[in-house]
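A closer look at the structure
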Amino acid sequence: GAIKESVGHIVGVQFRNLATIGGSIYGRFGFSDVLTLFMALDCEVELYPTGRVSIKEFANMKFTKDIIKKVPTKVVYLSQRNISTDFPVLTCAVSCVNQHYTCIIGARPLHAVAFNGNSYFETGITEENIQNFTKCVLSELKLGSNSRASKEYRQKIAKVLIKRAFLQLKEDVYGN
């Protein structure tokens, strides 16, 4: 019952439903019920590039910003939701990192998957390239149905989100 007890008194239902164990541990807040418990459980955290560290040692470490790689990046994230505060029906993120184009489709409702767009965007982001890339993605993309949406609906949404994301990325990368 220790874990239940450690999270049961967190400020209020709304905040408690937003709080995460990872966020509580990473924040190393002095008031953190969760950090106290996980230290007592003698847990470890895995850091990049440091590796595994005792949570007791981690609690006393200085904050570092080594979690996200720092390279010139342009990225666009879009999602479709039935209601703005609901879980997503489908998510789409496209990025250009060192002239390497990637498209990620998530909430399908399976795990997110990545598609390499390099061969499609060698000549830049054009309507034709977006259309050809989208056809390829949709031919390989496995979607599922759940209470939020059918796989057929997700297929239609994927087509729209991919196009919108690449058009927005084009604006961010080329300024037009």
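Quick look at the structure, then. (Residues numbered from 1 in each chain as written. Predicted model: local features only at pLDDT ≥ 70, side-chain atom pairs only at ≥ 80, totals over all residues. Heavy atoms only, no water.)

Formed by 25 residues in total, the largest nonpolar core has its most connected members in Cys-103 and Phe-166. When contributions to this core are tallied by element, the ones reaching two or more residues are strand S3 (73–81), strand S4 (88–97), strand S5 (100–106), helix H6 (127–140) and helix H7 (151–174). The element contributing the most residues to this core is H7, with seven residues. Residues contacting Phe-166, with those up to four places away along its chain left out, are Val-94, Tyr-101, Cys-103, Phe-121, Ile-125, Ile-130 and Phe-133. (Core = buried A, V, L, I, M, F, W, Y, C linked by side-chain atoms within 4.5 Å. Buried < 20%, exposed > 50% of the residue type's maximum accessible area, 1.4 Å probe, protein only. Helix = DSSP H or I, 4+ residues; strand = E, 2+ residues; numbered from the N terminus. Contact = heavy atoms within 4.5 Å.)

Structurally, Thr-102 can be placed in strand S5. Engagement of the side chain of Thr-102 in a polar contact is seen with the side chain of His-100, the distance being 3.5 Å. Other than its neighbours up to four places away in sequence, Thr-102 contacts Ala-93, Val-94, Ser-95, Ala-114 and Phe-115. (Polar contact = N/O pair within 3.5 Å; in protein donor to acceptor, adjacent residues only side chain to side chain.)

Its location among the elements puts Lys-163 in helix H7. Look past the residues within four positions of Lys-163 in its chain and what remains in contact with it is Glu-127 and Ile-130.

Next up on the list: the packing of aromatic side chains. Enumeration over the complete set of coordinates arrives at five aromatic pairs. With 5.4 Å between their ring centres and 65 degrees between their planes, Tyr-120 and Phe-133 make a pair best called edge-to-face. Taken together, the residues Tyr-120 in the loop between strand S6 (113–116) and H6 and Phe-133 in helix H6 connect sequence positions 13 residues apart. When its relative accessible area of 25% is taken as the criterion, Tyr-120 is described as partly exposed. One aromatic cluster in this structure is built from Tyr-101, Tyr-120, Phe-121, Phe-133 and Phe-166. The ring of Tyr-26 has Arg-28 sitting right over it, with the charged end atom 5.4 Å from the ring centre. Sitting over the ring of Phe-58, Arg-28 keeps its end group 4.0 Å from the ring centre. (Phe/Tyr/Trp six-rings, centres within 6.5 Å; stacked < 30°, edge-to-face > 60°. Lys NZ or Arg CZ within 6 Å of the ring centre and 35° of its normal.)

Let us now look at the sheet that holds S6. Spatially, the four strands line up as an open sheet ordered S3-S4-S5-S6, and their pairing is antiparallel. Here the strands that pair on one side only, and so sit at the sheet edges, are S3 and S6. Strand-to-strand twist across the sheet, computed as the mean angle between neighbouring axes with direction ignored, equals 15 degrees. Where H7 meets the sheet, it contacts S3, S4 and S5, and its direction lies at approximately 150 degrees from that of S3. (Pairing = 2+ DSSP bridges. Axes fitted to C-alpha atoms, helices over the stretch in contact; angles between N-to-C directions.)

What follows deals with the pairing of strand S2 (residues 51–54). Two strands pair when backbone bridges link them, and strand S1 (residues 44–47) and S2 are joined in this way by four bridges, in the antiparallel orientation. Across the sheet, residue Glu-44 finds its bridge partner in S2, namely Ser-54. Hairpin connection of S1 to S2: three residues between the antiparallel strands.

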